[in-house]
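Listed below, chain by chain, are the residues.
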Amino acid sequence: MYRPLFEDFHVKFKDFDYDLLVYDTYDYIDKVISLSLCNPISAAFQLYYKNTKDQKALTLSNYIKYGTNNSDEILLLKYGFNFEDIEWLKDYITSINEDEIIFNDKISNLPASKYEIIKRYIY
C-alpha cells in the first residue's frame, strides 16, 4: 500500500529529507518503467519469436526482462538470487533447470555467509 512520504504538507525546509525523496522517487520511476515499458516490450519480443522463430527477438526479450541472455543466470534470477550472488555461485553449480539446482562438492568449502544464501536449496 502506498504511504505518503510527508503526511503534513507544511514540512519546514530544514526538516525536509531530500535523500528520502530522491530515493522514493527513483524507486517509483523504476517500477513504473519496468511495469509499463520493460514487461510489455519483452512480451512483444517473445510473441514475435513465437511467430517467426527469430532468435534475436528472444535474445532481446531476455536482455530487457532479465539483463542477460545466459539461461543459467536467468534461472538463478528466477530462483531469487541477485547478480552479485550469481557471479560467485556459478562455480558451485553442476546443473540447473526449472525443477532443481544441483550443487557440486565445492559448497562444503563455502564461508558461512555464502552458505546461508544457498542452504534452502540443498536437500
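Residues numbered from 1 in each chain as written. Predicted model: local features only at pLDDT ≥ 70, side-chain atom pairs only at ≥ 80, totals over all residues. Heavy atoms only, no water.

Student: Would you mind going over the packing of aromatic side chains with me for this structure?
Tutor: Each aromatic ring pair is summarised here by two numbers: the centre-to-centre distance and the angle between the ring planes. Enumeration according to the criterion identifies three aromatic pairs in this entry. Geometrically, the ring pair formed by W88 and Y92 is edge-to-face, given 6.1 Å between the ring centres and 70° between the ring planes. Each member of the pair, W88 as well as Y92, is classed as buried. The rings of Y79, F81 and Y121 are connected pair by pair, giving a single aromatic cluster. K53 extends its terminal NZ or CZ atom over the ring of Y49, reaching a point 5.6 Å from the ring centre. Residue placement shows K106 over the ring face of Y92; its charged tip is 5.9 Å from the ring centre. (Phe/Tyr/Trp six-rings, centres within 6.5 Å; stacked < 30°, edge-to-face > 60°. Buried < 20%, exposed > 50% of the residue type's maximum accessible area, 1.4 Å probe, protein only. Lys NZ or Arg CZ within 6 Å of the ring centre and 35° of its normal.)

Student: Can you walk me through helix α2 (residues 55–66) in this structure?
Tutor: Working note: α-helix, 3.6 residues per turn, so residues spaced by three or four point in the same direction. The first and last C-alpha atoms of α2 sit 16 Å apart over 12 residues, in line with the 16 Å expected at 1.5 Å per residue. Along α2, the residues that are buried comprise A57, S61, N62 and Y66. Looking straight down α2, one finds its buried side chains confined to an arc of 135°; they lie on one side. Looking at where α2 begins, the residue whose side-chain oxygen comes 3.1 Å from the main-chain nitrogen of K56 is D54. Looking at the residues trailing α2, positive phi occurs at G67, about 80°. (Helix = DSSP H or I, 4+ residues; strand = E, 2+ residues; numbered from the N terminus. Expected span 1.5 Å × (residues − 1). Arc of directions from axis to C-beta. Polar contact = N/O pair within 3.5 Å; in protein donor to acceptor, adjacent residues only side chain to side chain.)

Student: Mind showing me how you'd approach helix α3 (residues 71–79) here?
Tutor: Among all positions of α3, only E73, I74, L75, L76 and Y79 are buried. Here the buried face of α3 lies against α2, α4 (83–89), β1 (93–96) and β2 (101–103). Count one or two residues on from α3 and you reach G80, which has phi positive near 110°. (Contact = heavy atoms within 4.5 Å.)

Student: Help me understand a nonpolar patch on the surface, please; the structure alone is not making it clear to me.
Tutor: Together, Y28, I29, V32, I33, L37 and I41 line one region of the surface with nonpolar side chains, adding up to about 530 Å² of accessible area. Tracing the chain through its elements places I41 in helix α1 (residues 18–52). (Patch = residues over 30% accessible without salt bridge, like charges linked within 9 Å, V, L, I, M, F, W, Y side chains within 5 Å. Areas by Shrake-Rupley, 256 points an atom, 1.4 Å probe, with all protein chains shown as cover. Salt bridge = Lys/Arg side-chain N within 4 Å of Asp/Glu carboxyl O.)

Note that every value here comes from positions in space, so none of it alone points to a role or purpose.
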